[in-house]
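A look at the structure
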Amino acid sequence: MGCRFFTITGSLAALAVWVGAALAGDLPAPDAEFPVADMPQVELGRLLFYDPILSGGQTVSCATCHHPRLATGDGLSLGLGDGGHGLGPARVVDPTNLPTHRIPRNAPALFNVGALEYRSFFHDGRLELDETRAGGIRTPLGAEMEQGFANLLSAQTMFPVLSADEMAGHLGESDVSRAVRQGLMTGPGGAWDILAQRVAGVPEYRARFDEVIGAKPVHFTDISDAIAAFVAFEWRSTDSLFDRSLRGEAELTQDQTFGRDLFYGKVGCANCHSGLFQTDHDFHAISMPQIGPGKRAIFESGAADEGRMLVTGDPADAFRFRTPSLRNVVDTAPYGHAGAYAQLEDAIRHHLNPVKHLTEYDPAQALLPDLAGVVDTTVMDDPAEVARIAAANELPPSALSNGQVQAIMAFLGALTDQDSLDGRLGVPATVPSGLPVDQ
């Protein structure tokens, strides 16, 4: 029971937490572990995160798809990286550099991704801790992965710059995009090396790296380490009302308490959304609608995104996707690996009967920037593909009253941490490259 997580001190607040845990099932302990922040490295990472210098055409930054104004996402079901202008729902295509297609998956929020409990990244977990692999990490590049990054989050930050649709750009657009299209990622002349030299050539960046790593040459792993340190520091979310209630410092409202008890109790939300950050870090198939181009191997056709199966090759993993954390979930719409649901309540109700909501899904609710000539409903218009997604569903139907749904939504509101939404350091006015910063 929840009592094993707490020492009963006699305070009414602590006693209330214990009683609530006993009623709801086990509640998590409020003791997440994070790396110790090195502030010069964090401040360097902040500048790099917002600087378009890391994209092939120098028009896209990490913040383009992960901006604090949009709860560290982009506010879109599927975003536009290279070939777009503007931020979030206001982003439009550049007619002189048209995107090939949309980014195939929804931009996930960044809250708490620096916590040491994270063992995989991306919707399909293609970057993950794996003790059977050299270096203890499985990456999409396998043995070709650059070595020397500090942690899993640092390794994750190394990949968006290699994506043509996200940051690298079209063939011929830049030295980076050409290297990526030729398969040159690591080593001298590879995409990461080109970007590292580009950054090191900016005097202020070179001076800041001197402070962090000394006078040695800058490698992209030094860049990714700094960005990871910033993300872990900036968007740590551990001071929501829920967190304070676990520490005995505050009390949830009656509706929030009812919702919490449902969530961690008989409704079973915590079967997957478990732990302090409401994720089991595992993969599940719940018949989420598929819009957009889909994620697939370069030699495959079609738009169906088979999720975890793309990583493991196991048909049992078809259409399984990583359980997202629910921190600040009220602010992190749209929802689902393809951002199919624009409203939180619709996403919740999908869980009550996944197959029904899949087959009745209306693509008009997706939030997609205009992209001429693109068909986003290839999968949903194909009964056979919809049937494949439905057949993989693992979540049985459940019945909840409207009042119970609203109570769960009230509890999810208690996961909001305004300080993390605002960010601790904020958006810099300028960056050392002199390139424009999305504010």
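As named in an unreviewed UniProt entry, the protein chain is Cytochrome-c peroxidase, taken from Pseudosulfitobacter pseudonitzschiae. For the protein chain, the Subcellular location (unreviewed entry) comment in UniProt is given as "Cell envelope".

Examining the environment of Asn-106
Relative to the helices and strands, Asn-106 resides in the loop between strand E2 (92-93) and strand E3 (120-121). Along the sequence, Asn-106 and Ala-340 sit 234 residues apart, while their C-alpha atoms lie 8.8 Å from each other. Excluding anything up to four places from it in sequence, Asn-106 contacts Leu-76, Ser-77, Leu-78, His-123, Pro-334, Gly-336, His-337, Ala-338 and Gly-339. Polar side-chain contacts of Asn-106 include one of 3.1 Å to the backbone oxygen of Ser-77.

Here's the deal with empty space enclosed by the protein
Inspection of every chain in the model, using the stated rule, returns one cavity of 30 Å³ or more. Quantified by volume, the largest cavity comes out at close to 30 Å³. Its residues placed into classes, the lining of the largest cavity shows three nonpolar, four polar and two charged.

Points about helix H15 (residues 383-391)
Among all positions in H15, only Glu-385, Val-386, Ile-389 and Ala-390 are buried. Across the axial projection of H15, the buried residues extend over an arc of 140°, all falling on one side. Opposite its buried face, H15 presents the exposed residues Pro-383 and Ala-391, each directed more than 90 degrees away. Residues of H15 that are buried make contact with helix H14 (354-359). Backbone nitrogen of Ala-384 and a side-chain oxygen of the N-cap are separated by 3.0 Å at the start of H15; the cap is Asp-382.

The rules behind each value
- Residues numbered from 1 in each chain as written.
- Predicted model: local features only at pLDDT ≥ 70, side-chain atom pairs only at ≥ 80, totals over all residues.
- Heavy atoms only, no water.
- UniProt positions renumbered as here; feature names shortened; annotations may be inferred.
- Helix = DSSP H or I, 4+ residues; strand = E, 2+ residues; numbered from the N terminus.
- Contact = heavy atoms within 4.5 Å.
- Polar contact = N/O pair within 3.5 Å; in protein donor to acceptor, adjacent residues only side chain to side chain.
- 1 Å grid on protein atoms, 1.4 Å probe; cavity = no way out; pocket = protein on both sides within 12 Å on 5 of 7 lines; lining within 4 Å.
- Points joined across faces, edges and corners; volume = space filled by probe spheres on them.
- Nonpolar A, V, L, I, M, F, W, Y, C, P; charged D, E, K, R; others polar.
- Buried < 20%, exposed > 50% of the residue type's maximum accessible area, 1.4 Å probe, protein only.
- Arc of directions from axis to C-beta.

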